[in-house]
Amino acid sequence: MPEPATAGVPPGAERRRWPALGVGLVAAFMALLDVSIVNVAVPSIERSLGATSSDLAWVLSGYALTFGLALVPAGRFGDARGRRTVFAVGLALFTLTSAAAGLAGSPTWLVVARLLQGAAAGLVSPQVTGLIQQMFAPAERGRPFGLLGATIGLSTAVGPLLGGLLIRLGGPDHGWRWVFFVNVPVGLVTVLLGWRFVPARGGTGTRSLDPVGVLLLGAGVVALLLPLVQREHWPGAQKWLLVPAGLVALAAFAWWERRYARHGEPLFDLALFRIRSYALGSLVALVYFAGFTAIFFVFTLYLQNGLGYDALTAGLAITPFALGSAVASALGGRLVNRYGRSLVTVGLCLVAAGLVVVALLGAARPGPGLPWLLVAPLTVAGLGSGLVITPNQTLTLAEVPVPRAGSAAGMLQTGQRLGAAAGIAAVGAVFFGILEAAAADWSPAFRDALLVAVGFVLLALVVDLADNLAGRRRRRRPR
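As the structure is a computational prediction, the values presented were derived from the model and not from experiment.

Rules behind the numbers
- Residues numbered from 1 in each chain as written.
- Predicted model: local features only at pLDDT ≥ 70, side-chain atom pairs only at ≥ 80, totals over all residues.
- Heavy atoms only, no water.
- 1 Å grid on protein atoms, 1.4 Å probe; cavity = no way out; pocket = protein on both sides within 12 Å on 5 of 7 lines; lining within 4 Å.
- Points joined across faces, edges and corners; volume = space filled by probe spheres on them.
- Helix = DSSP H or I, 4+ residues; strand = E, 2+ residues; numbered from the N terminus.
- Nonpolar A, V, L, I, M, F, W, Y, C, P; charged D, E, K, R; others polar.
- Patch = residues over 30% accessible without salt bridge, like charges linked within 9 Å, V, L, I, M, F, W, Y side chains within 5 Å.
- Areas by Shrake-Rupley, 256 points an atom, 1.4 Å probe, with all protein chains shown as cover.
- Salt bridge = Lys/Arg side-chain N within 4 Å of Asp/Glu carboxyl O.
- Expected span 1.5 Å × (residues − 1).
- Buried < 20%, exposed > 50% of the residue type's maximum accessible area, 1.4 Å probe, protein only.
- Arc of directions from axis to C-beta.
- Contact = heavy atoms within 4.5 Å.
- Axes fitted to C-alpha atoms, helices over the stretch in contact; angles between N-to-C directions.
- Left-handed = near helix turned anticlockwise from the far one by under 90°.

Student: Please explain empty space enclosed by the protein as it appears in this structure.
Tutor: Take a probe with the size of a water molecule and roll it over the atoms, and the empty space left behind shows itself. This model, assessed by the stated rule, comprises 2 cavities of 30 Å³ or more. What lines the largest cavity is V284, A285, Y288, F289, V388, I389, N392, Q393, L412 and Q416. Contributing elements (two or more residues each) for the lining of the largest cavity: α11 (276-306), α16 (375-397) and α17 (405-437). Tallied by class, residues from the lining of the largest cavity come to 7 nonpolar, 3 polar and no charged. As for the second largest cavity, its lining consists of R76, D79, E265, P266, L267, F268, D269, P403, R404 and S407.

Student: Hey, could you run me through a nonpolar patch on the surface in this one?
Tutor: Nonpolar side chains collect at one region of the surface, where V327, V346, L350, V380 and L383 lie side by side and expose about 350 Å² of accessible area between them. Elements that contribute at least two residues to the nonpolar patch include exactly α14 (342-364) and α16.

Student: Teacher, can you tell me more about helix α8 (residues 183-197) here?
Tutor: Turn by turn, an α-helix covers 3.6 residues, leaving residues three or four places apart pointing in a common direction. The terminal C-alpha atoms of α8, which comprises 15 residues, lie 20 Å apart, in line with the 21 Å expected from a rise of 1.5 Å per residue. Of all the residues in α8, the buried ones are N183, G187, T190, V191, G194 and F197. For α8, the arc enclosing every buried residue in end-on projection is 150°, short of the 170-degree limit, so these residues lie on one face. Away from its buried face, by an angle of more than 90 degrees, α8 presents the exposed residues L188, L192 and R196. Residues of α8 that are buried make contact with α1 (17-36), α4 (83-102), α5 (107-135) and α7 (175-181).

Student: Explain the packing of α1 against α8 to me, please; I cannot follow it from the model alone.
Tutor: The relative placement of two packed helices is expressed as an angle between their axes plus a distance between the axes. Running from amino to carboxyl end, α1 crosses α8 at an angle of 145°, the nearest separation of the two axes being 9 Å. Helix-helix and strand crossings are classified by hand; for α1 and α8 the assignment is left-handed. Counting all contacts with α1, which are made through P19, A20, V23, V26, A27, M30 and D34, the residues of α8 involved are N183, V186, G187, T190, L193, G194 and F197. Partitioning the contact of α1 with α8 into residue classes produces 9 nonpolar, 4 polar and 1 charged.

Structure follows, in structure tokens:
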């Protein structure tokens, strides 16, 4: 029997679903924006605080590290105790730590604020997806997931643009502080609106939150992410020993979860991976984000450091991708129930094709008019990305039971964070390796690094086609 549209929503509160979704989208935008917006502020932070390269690495990567660390436990807590409290507390903490980051008087202060800000973002993010699962029936989720996909695409792509604008308005020495302060008024209003509109009920009431599972998963995620996010600032090959250690910790986590499930509610129900749509959809997301996130990393480096564009112009250059992604995400949410995973396949093909053109043109014509030259292929790639993120998320979570929605979304997003870190590490290694070998010739470094990102997109396409083929075989079986 299909789930009711208002599963977990108090009687009479159905009309508040869309305001609650709007509040959640604003919170998701803020959390994801802070992954990319700080990149363009690095030179200003370095001058203002006298930060070292190691400090700056932690300012950038510490947020992603604690963000990924908090996702699954936060999703589980929301499933168990209700999502409104977790959402409001996480968003309040995010607002407070944003203010603390903007007021930072030393590099250490800023690093600590960023670590706490990332953890707060990790508290908020899985509640948004869990709320969509809770408030909307499966057939209705395409549209809200489309809006969430548009939010993800916009927040990731407009970060450099908004950061560059704020730095220009605030000045080269203190403009970076406004990158953090901008969260404060928006966060305060969103906390109040969230407390009013987000449903108070919906938790399973589970008492135990599986602390051993939290520790094992946390150790595994940290061990995998740390060498990736610190690859440029942690010399020596010893850091890569953490990768097998992280895999061992994750294997121990899987063993513990199976054991714990015999007498209690585990942190993450591994039976979810027996759902084909969830398992393969999560893999598509992991691999796609490895290529998707690396695009902005390479593109902004090439435009600013290689071709001498300022932060605002570099941010404007990526806007066609952002707009295309936003439009296609909203459209994909409406079409996913009709076309299914074929929509993701089309999207991945468009992303790969658009990025190949960007790579070749960007390397062949590195002149003053390059951003204009790349408008069309970036728009095509953005349209494709919108058709990937929203439909894939909708299809991945479609068969997940509502009481597991938060932890399932948390694990999905943890995979995205791991994929993004691995992709930036791989693409960055190629980029800087070629740059060093080619005596600071930025064009071939840009081209080849972007083609590596395309390789991740094509790998995601292979996984998607496997899922599509498996789904067709399943439908053809006699009943």
